[in-house]
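Each chain, written out:
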Amino acid sequence: MKQKNRTKSSRKEIYRHLQYRITAFCAILTGLVLFIACAISFHAAKREIQSAAQSLFLSQSQTANAYLSAPGSVDTQSLLQFAEQCDLSVAVVDGGTLLTFTPTLTAEMRDALLAQSGTFVLTAAGKEWRAALQNHSASTTQWYNVLVLQPMTTDVSGTMRLLVQYAVVFCIAWAALIIVAAWLSKRVIRPVEAAHTEQLRFLAGASHELKTPLAVISTSVDLLRRGVSDPEEPCQ
C-alpha cells in the first residue's frame, strides 16, 4: 500500500512539473510577443507626441513672430507674458544688435544659432532646445531675425509618463496571460493524466486476470520438464 501511494505521489509530481514547464514556456513566449508589441506601440506613440509638440511649438513660434512683426513698436510686456506661459525664449537680432527677452543669450551662442535656419534642435546650457529662426524684412535695406527657443523637458516628461503607462499595461497583461497559460496547461495535462491512470488501471486488472492462467502454464511446463505427460496424473 505504501509503495502504491508513493508511486501515485511520484506520478502526480511528474505531471505537476510538466504543467509548470508548459506554463513557463507559454509565459516566456507570450511575454516576448507582448513586449515586442508594446515596444512598437510605445515608439509609435512617442513619435506622435513629438510630432504634436513640434506642431504646437511652430504655432507658438508663429504667434511670437506676430508680436514682433513691427520691431519698433513691440509690446514687450505681452510678449514676455506669452513667452512665460509657453515656456519660450525669444530673441531678436536687428541690425547686428541682439535684443533678448528671456533668457539672456551670449553673443557666441547667438552667432552659432544664426548659422542655422528654419527649425532645428540644439544643445545649450545642459539642455536640449527646440528652435525656430525666421527672417523678417523691415525694408529693402533693413532686416531682422526672430529666434524662438523652447526646452524639450516637456517631451522628456511626456515620454516618461508614456513609458510608465506602457510598463503598467505590460505587467498587467503579462500577469493575466500567465494565469490563462496556467489554467490552459492544467486543462491540457488533465486528459493525459486521466488516460495514463486508466492505462495503469487496465494493466493492473489484466495482470491480475492473467496471474492464474500463467501459474497453471508455468506448473505444466515444470511437470513436462520432469517427464510427466499428464499434469493431472500426480493428483490421482
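Residues numbered from 1 in each chain as written. Predicted model: local features only at pLDDT ≥ 70, side-chain atom pairs only at ≥ 80, totals over all residues. Heavy atoms only, no water.

(A) Here's a closer look at the overall build of the chain. Scanning the chain from N- to C-terminus turns up four helices and five strands. Starting at the N terminus and walking to the C terminus, you meet the elements of the chain as α-α-β-β-α-β-β-β-α. Among the 236 residues that make up the chain, the fraction classed as buried is 24%. Considering only contacts within the chain whose residues lie at least 6 apart along the sequence, 55% involve residues at least 24 apart. Carbon and sulfur atoms make up 62% of the accessible area of the chain, which totals about 16,200 Å². (Helix = DSSP H or I, 4+ residues; strand = E, 2+ residues; numbered from the N terminus. Buried < 20%, exposed > 50% of the residue type's maximum accessible area, 1.4 Å probe, protein only. Contact = heavy atoms within 4.5 Å. Areas by Shrake-Rupley, 256 points an atom, 1.4 Å probe, with all protein chains shown as cover.)

(B) Structural detail: the packing of aromatic side chains. Applying the stated criterion across every chain yields a total of three aromatic pairs. With centroids separated by 6.2 Å and ring planes inclined at 80°, the aromatic side chains of phenylalanine 35 and phenylalanine 170 adopt a geometry described as edge-to-face. In this pair, phenylalanine 35 sits in helix 1 (residues 2–67) while phenylalanine 170 sits in helix 4 (residues 153–225), placing the two residues 135 residues apart along the sequence. Looking at phenylalanine 170, the relative accessible area reads 17%, which means it is buried. Through a chain of ring-to-ring contacts, the aromatic side chains of Phe35, Phe170 and Trp174 assemble into a single cluster. (Phe/Tyr/Trp six-rings, centres within 6.5 Å; stacked < 30°, edge-to-face > 60°.)

(C) Representation of the nonpolar core within the structure. In this structure, Ala64, Leu68, Leu88, Val90, Val146 and Val148 are the most contacted members of the largest nonpolar core, which totals 14 residues. Listed by contribution, the elements that provide at least two residues to this core are helix 1, helix 2 (76–86), strand 1 (89–94) and strand 5 (143–151). Counting residues per element, this core draws most heavily on helix 2, at four residues. Leaving out residues up to four positions away in the same chain, valine 146 has contacts with Asn65, Leu68, Val90, Ala91, Ala132, Leu133, Gln134 and His136. (Core = buried A, V, L, I, M, F, W, Y, C linked by side-chain atoms within 4.5 Å.)

(D) Representation of the confidence of the model for the chain. For the chain, per-residue confidence averages 76 on the pLDDT scale, and residues scoring 70 or more make up 74% of the total. Averaged pLDDT values for the elements of the chain fall to 51 in strand 2 (residues 97–102) and rise to 83 in helix 1. (pLDDT = per-residue confidence, 0-100.)

(E) A look at the pattern of salt bridges. One pass over the full model with this rule turns up one salt bridge. Measuring nitrogen to oxygen at the nearest pair gives 2.6 Å for the salt bridge that ties glutamate 13 to arginine 16. Of this pair, glutamate 13 and arginine 16 both sit in helix 1, three residues apart, which is roughly one turn of the helix. (Salt bridge = Lys/Arg side-chain N within 4 Å of Asp/Glu carboxyl O.)

(F) Geometry of helix 2. Every buried residue of helix 2 is accounted for by Leu79, Phe82, Ala83 and Cys86. One face of helix 2 carries all of its buried residues, which in axial projection span an arc of 100°. Looking at helix 2, the residues exposed on the side facing more than 90 degrees away from the buried face are Gln77, Glu84 and Gln85. Aspartate 87 sits one or two residues past helix 2 and shows a positive phi near 55°. (Arc of directions from axis to C-beta.)

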